[in-house]
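Structural overview for review
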Amino acid sequence: MKKFVSLIILMLFLSMLAACGNSESAGGKNNDSGGSDVIKIGAIYSASGGGAPLGKSQMETVKMLVEQVNENDGIDGKKIELIAYDDKSDQNEAVLSMKKLIEQDKVLAVVGGTLSGNALAMVPLAEKSKTPFIASATSKQIVKPDDNSSRDWIFKTTQSDDVVIPKILAYLKEKNLTKIAWLNVANQYGTSAHEEFNRLKGEYGIEAVIEEEFEATVDDAKAMLTRVKKSNPQAIIVWGTAQESSVITKNLHQLGMKLPIIESQGIGTKEFIELTGEAAEGVIFPAGRLIVAEQLPDNDPQKETLIKYKEDFKAKFNYDANTFGGHTWDAFYLLVNAIEKAGTDKEKIREQLENTKNFVGISGIFNFSKDNHTGLDESSLVMVQIKDGKFVIAE
Amino acid sequence: MDNNLTKIYNRSLKGPLIFFVVIMLLPFIFQSNNYILSTFIMIGFYSLVTTGLTLLIGYAGQISLGHAAFYGIGAYTSAYFTATLQMPSWIGILVGAIIASLVSLIIGIPVFKLKGHYLALATLGFGVIIFTFFKEWKTITGGLNGFFGIPPLSLFGISFSTDFQFYFLIWIFVFLGIFFARNIVQSRVGRALMSIHGSEIASEAIGININKYKLQIFVLSAVYASIAGSLYAHYVTFINPQLFEMMTSIYFLIMVVIGGIGNIWGGLIGAAIYVFLGELLKDIVPKIIPNASGEFEIVFFGVLLVVILIYMPNGISKAIFHFIKRITSNFKNKPVSAFSKKSTGSDIHD
Amino acid sequence: MELTSQFIQLIFSGLTIGSIYALIAIGFVIIYNITGLLNLAQGDFAMLGALTCISFVNMGFPLIIAIAVSVVIVTIIGGLFERLAIYPARNSSTATLLIITIGAAFVFRGISILIWGTQPLALRPFSGNQNINFLDATIQPQSLWAIGISLLSLAVLYYFFNKTYLGKAVTACVVNRFAARLMGISPQKMSFWAVSISAGLGALAGIVIAPISGASYDMGIMIGLKAFIAAVIGGLSNAPAAIAGAFLIGILESFTEGYLSSGYKDAISFTLLLIVLFFMPNGLFSKVSGKRV
């Protein structure tokens, strides 16, 4: 008993010492956290918890890429030291990890933010400490906040909802589908898209005949879908990630609703097709070119990069790469690119990022500017359709 | 239950005072390291909640599996009153506490007539219902998109916007909270609670109104949580419903169990151990198993919870105090009194 | 969509969801009645069963074998759980044991993530995908499996507890532990078997559910809770009541979703729980009680 207690007390002191020890050894000035021969980069992704379906491949991508770069002599001969934390999809963890990276590990820049909520919580810390932060979450508030607070140091490698939604709306308008049923998953991913949809639908002459939410843990939504069926839409938008969208899609199929179904880029994974089975046939969604990389014409500027990433990832981790990991690829290489060109000064890196043009990435071709820290527009997306259990480029 | 009256009433303030001074001095050592300050600040928030919860579980013998709801009520009320209604911070905190008391009263009156496990389930239910309100009441809470732009806390003319300042604020609150809890334990209410804990039937026989005392402590624990939540909202400036879901309530419970339920310091100790262990795991686990991530923490805390409940149901704080007592009594060369040698401790009763 | 066909569709949905809860609730009630333990890890037995079965199927085993093996494995896990976590704490209060089961549930989930990751996995439906149409409403054949198996389990349990020696011994244990021991029946062995068998039942439930809603490490949480609610509503004292409670919740949730909004679905179930707890703590069907299981 006594030994047990002593052990506990010892552990407590050890952890405090560990914390102290870290802060002393990290030393160095903020501007040159490259130390002498190492470049420290921080990463925070949700590799466990609710965001894991997105974050796990992100975490693995960044680790794989760091290895690859270091095998090729790092950046200008300096190796990259990656300090990666799993925020477990918890906002408090994200904030603590961010503080640790900035204050204690003294990283040069941070890539991260799987979930919009966590990314948003990390943003003020990056701004205050003047550390470049490249996020992989989708909310446009990350770079263009409603309250117009400053976002000089924040960048994003995902298409915002205000790029994806117009793509869908344009597609619907083109196909003359104006009475739409909108369904979104009950979390930030779903609700922020919903907001965008409502904001823009008028411009495309689209009318929402019914708007519903479904839980991320839904087992069977046929009850809710009966109301959708009643409202007589011409097409249905289902906005969620693979697991819950799959249930909705299956239910729609079971209810015999043979309407065009448009979903979000969140379903662009093989799991979705496996889970949904034949109900997935015909589903259309906007996506980066990654999942249809092989079908691209050879002169497509992204094709080579996409295929290399896909092959490397599959070889190393034994499952298919997905768009989320792709966003991380972009964040990482944008950063590496900036460091190569501008050195290890935070302000110079920030400037370089802001002036990056025509950068060929996984999610698209990036063109940043002072007002545009996302760098992607509608051309980075293609409409993809599920045909015979595979992803094909839609007509 | 503890029959060691000397231990309760003659406990000197020396120990706690030294502890207080140490805590207050720490930030000066870690001044430039916001990460360490933040860690301690989070421990502070949790301690405030768990101290109230410890009073409820340890002294009043009731279980709440939904305390995150009160934490959330404090947070959202403060957020709403300061950001949306532009009122001063103290109003937000006060109204939050009032709402939390009302809600806990409404819940408490029917619930305390139930026994043990039914009670736990009822509090779980309320936790989910209140969480649903946070999610659905979009105009006030912002729903799942979260609530942005909560202004920094402003009390007594000071605006608490840095970690350094906030540290002092929260820890003063924590110590006030523990001090207040201590007074309750030593008061008439506390004695009534001990009696209830020992035997409800006997207590009723001597005229103690059981439900009234249980209710009082329940409301008090809700207020503790609510105040913590209000301060938390001002600290993080961005909140969303997922911070206050069922898992959070269970984590609070884990902290209380780890810390020890018969002891007013139990809440703080449990919160500290929980946070430190978490950070320690974050550092150690990747070195042993390179591809691991947060899942190990879940397993670890699950195992820890089970082990503690089986082998150390009184939690760790009692053990620590025994240890300290043994050391200090060796120093003083005083014979350890027969009264204080054995302590039966308290545990969760039906 | 016509009013009547929506109504029928909602009933079908409700029965589907309800059968999911019912299967878990059975195991729950068994454990409670035999050991007095409230097992919040019951939903996670379902999760383990489902994922294990999927693994075996993916390895190439025929479905029947995969199901059988998975159920056996989870039964063993249940037994281990009882010996390691419940038995040592058998003299603690109900509340302590409740929290222990919560801790165990965490462990199950964590191990599940380590083995299967966080992505949801699929299991193909037992009898194919052709939906059955009835008056313009559809029901999945898998739902019929779920309903069928829960009723079948019910029948088997009834037979077991009322017609076999072992079953009666178990009932005796519940009614009077001390007397049972005097008669040579060991409560500890009963506890062990009760938990193990319930784990197996839970696993079966998970396997039946998986084709409907997919399987992942966190599928057990809400399902376990709702089953808990169903059992309490039914009165915790007998399985048929729990099953009725489960279908009741399922239909209630379905109608809330169908006529109101899905966001309130969980709140409705818990509100019903609170109403029952406050006004009829012995459950809605408690007139039947006296005899357990």
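Computed from a prediction, not measured in an experiment: that's the story for all the values here. (Residues numbered from 1 in each chain as written. Chains lettered and ligands numbered in written order. Predicted model: local features only at pLDDT ≥ 70, side-chain atom pairs only at ≥ 80, totals over all residues. Heavy atoms only, no water.)

Across its full length, chain C holds 11 helices and two strands. Reading chain C from its N end, one meets helices and strands in the order α-α-α-α-β-β-α-α-α-α-α-α-α. For 293 residues, the compact-globule estimate of 2.2 N^0.38 gives 19 Å, and the C-alpha radius of gyration of chain C, at 19 Å, lies within 12% of that figure. When its C-alpha atoms are laid out on the principal axes, chain C stretches across 65 × 50 × 35 Å. Residue burial in chain C is summarised as follows: out of 293 residues, 62% are buried. Summed over its atoms, the accessible surface of chain C is roughly 11000 Å², and 69% of this surface lies on carbon and sulfur atoms. Taken as two groups, the 14 positive and 8 negative side-chain charges of chain C have centres that lie 23 Å from each other. (Helix = DSSP H or I, 4+ residues; strand = E, 2+ residues; numbered from the N terminus. Rg over C-alpha atoms; globule rule 2.2 N^0.38 Å. Buried < 20%, exposed > 50% of the residue type's maximum accessible area, 1.4 Å probe, protein only. Areas by Shrake-Rupley, 256 points an atom, 1.4 Å probe, with all protein chains shown as cover. Lys, Arg positive; Asp, Glu negative; His and termini not counted. Charge placed at Lys NZ, Arg CZ, Asp CG, Glu CD.)

Our next topic: the packing of helix 7 (residues 222-230) of chain A against helix 1 (residues 3-35) of chain C. With their axes 8 Å apart at the nearest point, helix 7 of chain A and helix 1 of chain C run at an angle of 160 degrees to one another. If you check the angle between helix 7 of chain A and helix 1 of chain C, you find them roughly antiparallel. The two elements helix 7 of chain A and helix 1 of chain C cross, and the hand of that crossing is right-handed. Taking contact as the criterion, the partners of A:Lys222, A:Ala223, A:Thr226, A:Arg227 and A:Lys230 in helix 7 of chain A are, on helix 1 of chain C, C:Leu3, C:Gln6, C:Gln9, C:Leu10 and C:Ser13. Taken together, the residues that form the contact of helix 7 of chain A with helix 1 of chain C break down as three nonpolar, four polar and three charged. (Axes fitted to C-alpha atoms, helices over the stretch in contact; angles between N-to-C directions. Parallel < 35°, antiparallel > 145°, perpendicular 65-115°, else oblique. Left-handed = near helix turned anticlockwise from the far one by under 90°. Contact = heavy atoms within 4.5 Å. Nonpolar A, V, L, I, M, F, W, Y, C, P; charged D, E, K, R; others polar.)

What follows is about the side chain of C:Ser196. Residues and elements named next belong to chain C. Within the secondary structure, Ser 196 sits in helix 8 (residues 187-213). On the accessibility criterion, Ser 196 (3% relative accessible area) is buried. Contact partners of Ser 196, with chain neighbours within four places excluded, come to Thr 75, Gly 78 and Gly 79.

Now for the confidence of the model for chain C. All names here are of chain C. Of the residues in chain C, 91% have a pLDDT of 70 or more, and the chain-wide mean is 81. Within the model, the stretch residues 287-293 combines pLDDT values under 50 with 12 contacts to residues more than four positions away or in other chains. Both scores are given for the predicted complex: the pTM is 0.83, the ipTM 0.80. (pLDDT = per-residue confidence, 0-100.)

Hydrogen bonds between backbone atoms are what pair the strands of a sheet, whose relative direction is either parallel or antiparallel. All names here are of chain A. An order of 2-1-3-4-5 is seen for the five strands of this open sheet, with the pairing classed as parallel. Whereas interior strands pair on both sides, the edge strands pair on one side only; in this sheet they are strand 2 (79-86) and strand 5 (154-156). Direction aside, neighbouring strands of the sheet carry axes that sit 20 degrees apart on average. Bridging between strand 3 (residues 109-112) and strand 4 (residues 133-135) involves three bridges; their strand directions are parallel. The partner of Val 111 across the bridge, within strand 4, is Ile 134. (Pairing = 2+ DSSP bridges.)

This part covers the interface of chain A and chain C. Each partner contributes to the interface: chain A provides 26 residues, whereas chain C provides 33 residues. Summed over both sides, the interface of chain A with chain C buries roughly 2800 Å², with 49% coming from carbon and sulfur. The largest share of the area that chain A buries against chain C comes from A:Asp219, A:Lys230 and A:Gln254, three residues that together contribute 21% of it. At the junction of chain A with chain C, the criterion picks out zero salt bridges. The tally of links from chain A across to chain C stands at three residue pairs in polar contact (both at pLDDT 80 or more). Residue assignment for the side of chain A that touches chain C shows that the elements contributing at least two residues are helix 2 (52-71), strand 7 (207-214), helix 7, helix 8 (242-254) and helix 9 (270-276) of chain A. In terms of residue count, helix 7 of chain A provides more of the side of chain A that touches chain C than any other element does, seven residues in total. (Buried area = accessible area lost by both parts, 1.4 Å probe. Salt bridge = Lys/Arg side-chain N within 4 Å of Asp/Glu carboxyl O. Polar contact = N/O pair within 3.5 Å; in protein donor to acceptor, adjacent residues only side chain to side chain.)

With that out of the way, let us pick up the pattern of salt bridges. With the rule as written, the count across this model stands at 22 salt bridges over all chains. One salt bridge connects A:Asp312 with A:Lys308, and the closest N-O pair in it is separated by 2.9 Å. A residue pair is termed a helical-turn pair when its members lie 3 or 4 positions apart in one helix, as A:Asp312 and A:Lys308 do in helix 10 (residues 303-317) at four residues. Measuring nitrogen to oxygen at the nearest pair gives 2.9 Å for the salt bridge that ties C:Asp266 to C:Lys226. Remark: C:Lys226 occurs in helix 9 (residues 219-234) and C:Asp266 occurs in helix 11 (residues 265-279); sequence separation between them is 40 residues. On the basis of relative accessible area, C:Lys226 is assigned to the buried category, the value being 2%. Linked by salt bridges that have partners in common, A:Lys140, A:Glu196 and A:Arg199 make up one network.

All names here are of chain C. Under the feature "transmembrane region" (unreviewed entry), the UniProt entry names residues 6-33, 45-77, 97-123, 144-161, 192-215, 227-252 and 267-285. Annotated as residues 45-77, this span is 91% helix and 0% strand, and its ends, taken at the C-alpha atoms, are 9 Å apart. When the span residues 97-123 is considered, its composition is 74% helix and 0% strand, and the gap between its end C-alpha atoms is 34 Å. (UniProt positions renumbered as here; feature names shortened; annotations may be inferred.)

This next bit is on the domain arrangement of chain A. All names here are of chain A. If you check the domain split of chain A, you get domain 1 (28-159 + 319-379) and domain 2 (161-287). Distance from the C-alpha centre of domain 1 to the C-alpha centre of domain 2: 30 Å. Contact with domain 1, which involves 14 residues of that partner, is made by 15 residues of domain 2. The contact between domain 1 and domain 2 buries some 1300 Å² in all, and 54% of this surface belongs to carbon and sulfur atoms. Together, Lys 140, Gln 159 and Glu 378 form the three largest contributors to the area buried by domain 1 at its contact with domain 2, with a combined 40%. Counting every contact that joins domain 1 to domain 2 gives three salt bridges. Between Asp 320 and Lys 270 there is a salt bridge, with the nearest N and O atoms lying 4.0 Å from each other. Run the count over domain 1 and domain 2 and you get two residue pairs in polar contact (both at pLDDT 80 or more). Elements represented by at least two residues in the side of domain 1 that touches domain 2 include exactly helix 4 (116-129) and helix 11 (323-342). Counted by class, the side of domain 1 that touches domain 2 contains three nonpolar, six polar and five charged residues. (Domains from an automatic or database assignment.)

Residue and element names in this part refer to chain A. With a phi angle near 60 degrees, Ser 89 is a residue other than glycine that sits in the positive phi range. Relative to the helices and strands, Ser 89 is located in the loop between strand 2 and helix 3 (91-104). For Lys 130, which is not a glycine, the phi torsion comes out positive at approximately 55 degrees. As for its placement among the helices and strands, Lys 130 is situated in the loop between helix 4 and strand 4.

Applying the stated criterion to the full structure yields 51 aromatic pairs over all chains. With centroids separated by 5.0 Å and ring planes inclined at 50 degrees, the aromatic side chains of B:Phe166 and B:Tyr235 adopt a geometry described as tilted. Linking B:Phe166 in helix 8 (residues 163-186) with B:Tyr235 in helix 11 (residues 210-236), this pair joins segments that are 69 residues apart in sequence. For the pair B:Phe166 and B:Tyr235, one class covers both residues: buried. The interplanar angle of 50 degrees and the centroid separation of 5.5 Å between the aromatic rings of C:Phe45 and C:Phe108 together place this pair among those described as tilted. Within this pair, whereas C:Phe45 is found in helix 2 (residues 42-59), its partner C:Phe108 is found in helix 4 (residues 94-116), the two being separated by 63 residues in sequence. (Phe/Tyr/Trp six-rings, centres within 6.5 Å; stacked < 30°, edge-to-face > 60°.)

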